[in-house]
Amino acid sequence: MKHNMITEPATTATRKLAKPAVYFLILLLSYYLGYLSALIKNPSYDHPTTTKVNPPPQAADVDHYQFQTQCAEPIPPELVRQTILTRIFNGSSPYDGFPQPHIEPFLRQKRIKGWGSTGLVFKNLIQKVKPKTIIEIGTFLGASAIHMAELTSQLDLQTQILCLDDFRGWPGLPGQFRDIKMINGDTMLLYQFMQNVVHVNVTENIIFLPFSTGSTLERLCEWGVLADLIEVDAGHDFHSAWSDINRAYKLLRPGGVIFGHDYFTVADNRGVRRAVNMFARVNGLRVKADGQHWVLDSF
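Report on the accompanying structure. In this text the structure is predicted, and so the values were computed from the model without any measurement.

1. Considerations on the packing of aromatic side chains
- Inspection of the entire model under this criterion finds 10 aromatic pairs.
- Both rings, one in Tyr263 and one in Phe264, keep their centres 4.9 Å apart while their planes meet at 80°; by these two values the pair is edge-to-face.
- For Tyr263, a relative accessible area of 8% translates into the label buried.
- Phe264 sits in the partly exposed class, given a relative accessible area of 35%.
- Taken together, the ring pairs in this structure connect Phe89, Tyr95, Phe167, Phe193 and Phe208 into an aromatic cluster.
- Residue placement shows Arg273 over the ring face of Tyr263; its charged tip is 5.7 Å from the ring centre.
- Taking NZ or CZ as reference, Arg274 lies 4.0 Å from the ring centre of Phe238, over its face.

Given below as structure tokens:
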């Protein structure tokens, strides 16, 4: 009787200890089976904590702000025109002998067309800055460049205007402007621009650089060609505008102004406006609106 009284509590205690041990063994076995399953599915799996971590968004976005920042020493404004002629046109004026006989039949005497090309913003900024050098990014037929040449002449300023445009237009251009002919796949846009400049007799004030805006702005930076006033009015999508604004801004002389068109369009924050606002925010600047134009002062 005493024996039974001693062994019964011992047996009960053993059972109580066995249950947690069984649970622990089951948990350990489940973990081990899960580990083996991971090895089978992914042979490169080493340990649950060795997972690849993506870099933070800030690091991934850095490339969007990396543009050439150091330009050559600025050359004097009076040397700007000759520098362009020497480096691009072998020292001679591209207007010499223009138009060639095979081109003349396709040109109108004057075909000046633009959008917002005579807004008050041009007069306001030219009177304020009194620029010696103007860079225009996006020219088309030269309406705003010719208008700025006339305004600077009225103020007796000796201003050189550099027009940056590849003068290729866009797909569908000949359908929209049927009087601008296409010959062997080449539009007459550049030649009609030149004809317009010749017609109003401002060839000494306006020189053109017929290449992509991005590559041309980088070259101007390398040559030390800076400007007091820069107009950005080329590609209207966000990426084109963002690139042009960033590259152009570093070409501003102290006290200069950069401005552009199409700030208020149906694209709004998906196009030029988004690029301008982002650039202003990143650089601590304030955007001023002038009609359809935006304006940013330099530091």
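Structure shown, so let's carry the discussion forward.
2. Observations regarding the layout of surface pockets
- Its volume calculated, the largest pocket comes out at about 560 Å³.
- Residue lining of the largest pocket: 30 residues in total, with Gly138, Phe140, Asp165, Asp233 and Ala234 positioned closest to the centre.
- Broken down by secondary-structure element, the contributors of at least two residues to the lining of the largest pocket are helix 5 (143-154) and helix 9 (238-249).
- Grouping the constituent residues of the lining of the largest pocket by class yields nine nonpolar, 14 polar and seven charged.

3. Details of the packing of helix 4 (residues 120-129) against helix 5
- Across the interface, helix 4 lies against helix 5 with an axial gap of 10 Å and an inter-helix angle of 40°. Put simply, helix 4 runs oblique to helix 5. In this structure, helix 4 crosses over helix 5, and the sense of that crossing is right-handed. Along its contact with helix 4, which presents Phe122, Lys123 and Ile126, the element helix 5 presents Ser144, His147, Met148, Leu151 and Thr152.
- Classifying every residue of the contact of helix 4 with helix 5 gives four nonpolar, three polar and one charged.

4. What about the nonpolar core?
- Core analysis: the biggest nonpolar cluster contains 75 residues, and Phe193, Ile206 and Ile230 have the highest contact counts within it.
- Among all residues touching Ile230, those that are not within four sequence positions of it are Ile135, Ile137, Ala248, Leu251, Leu252, Val257, Ile258 and Phe259.

5. A word on the environment of Glu73
- By the secondary structure assignment, Glu73 is in the loop between helix 2 (57-60) and helix 3 (80-89).
- For Glu73, a relative accessible area of 69% corresponds to the exposed category.

6. A few points about the sheet that holds strand 1 (residues 133-137)
- Strands sit in the order 5-2-1-6-7-9-8 across an open sheet of seven strands; the sheet is mixed. Since the sheet does not close on itself, it has two edges, and those belong to strand 5 (206-209) and strand 8 (288-290), each with one partner. The sheet shows a mean angle of 20° between the axes of neighbouring strands, taken without regard to direction.
- By the bridge criterion, three bridges tie strand 8 to strand 9 (residues 293-297) in an arrangement that is antiparallel. Its bridge partner being in strand 9, Ala289 is matched across the sheet by Trp294.
- Helix 4 contacts strand 6 (227-232), strand 7 (252-260), strand 8 and strand 9 of the sheet and is inclined by roughly 175° relative to strand 7.

7. Considering the environment of Thr83
- With respect to the helices and strands, Thr83 occurs in helix 3.
- In this structure, the C-alpha to C-alpha distance between Thr83 and Leu220, residues 137 residues apart in sequence, is 9.9 Å.
- Sequence-distant contacts of Thr83, defined by excluding residues within four places in its chain, comprise Ile75 and Val225.

8. Let's talk about the state of the cysteines
- Going through the model one piece at a time under the given rule, you end up with one disulfide.
- Note on cysteine connectivity: Cys71 is disulfide-linked to Cys221, with sulfurs 2.0 Å apart. In this structure, the disulfide formed by Cys71 and Cys221 twists by about -105° around the S-S bond and is classed as left-handed. One end of the pair, Cys71, is in the loop between helix 2 and helix 3; the other, Cys221, is in helix 8 (residues 213-223), and 150 residues separate them in sequence.
- Using a relative accessible area of 23% as the deciding quantity, one classes Cys71 as partly exposed.

9. Examining the side chain of Glu218
- Among the secondary structure elements, Glu218 is positioned in helix 8.
- A polar contact is formed between the side chain of Glu218 and the side chain of Lys250, at a distance of 3.3 Å.

Reading guide: rules and limits
Residues numbered from 1 in each chain as written. Predicted model: local features only at pLDDT ≥ 70, side-chain atom pairs only at ≥ 80, totals over all residues. Heavy atoms only, no water. Phe/Tyr/Trp six-rings, centres within 6.5 Å; stacked < 30°, edge-to-face > 60°. Buried < 20%, exposed > 50% of the residue type's maximum accessible area, 1.4 Å probe, protein only. Lys NZ or Arg CZ within 6 Å of the ring centre and 35° of its normal. 1 Å grid on protein atoms, 1.4 Å probe; cavity = no way out; pocket = protein on both sides within 12 Å on 5 of 7 lines; lining within 4 Å. Points joined across faces, edges and corners; volume = space filled by probe spheres on them. Helix = DSSP H or I, 4+ residues; strand = E, 2+ residues; numbered from the N terminus. Nonpolar A, V, L, I, M, F, W, Y, C, P; charged D, E, K, R; others polar. Axes fitted to C-alpha atoms, helices over the stretch in contact; angles between N-to-C directions. Parallel < 35°, antiparallel > 145°, perpendicular 65-115°, else oblique. Left-handed = near helix turned anticlockwise from the far one by under 90°. Contact = heavy atoms within 4.5 Å. Core = buried A, V, L, I, M, F, W, Y, C linked by side-chain atoms within 4.5 Å. Pairing = 2+ DSSP bridges. Disulfide = S-S within 2.5 Å. Polar contact = N/O pair within 3.5 Å; in protein donor to acceptor, adjacent residues only side chain to side chain.

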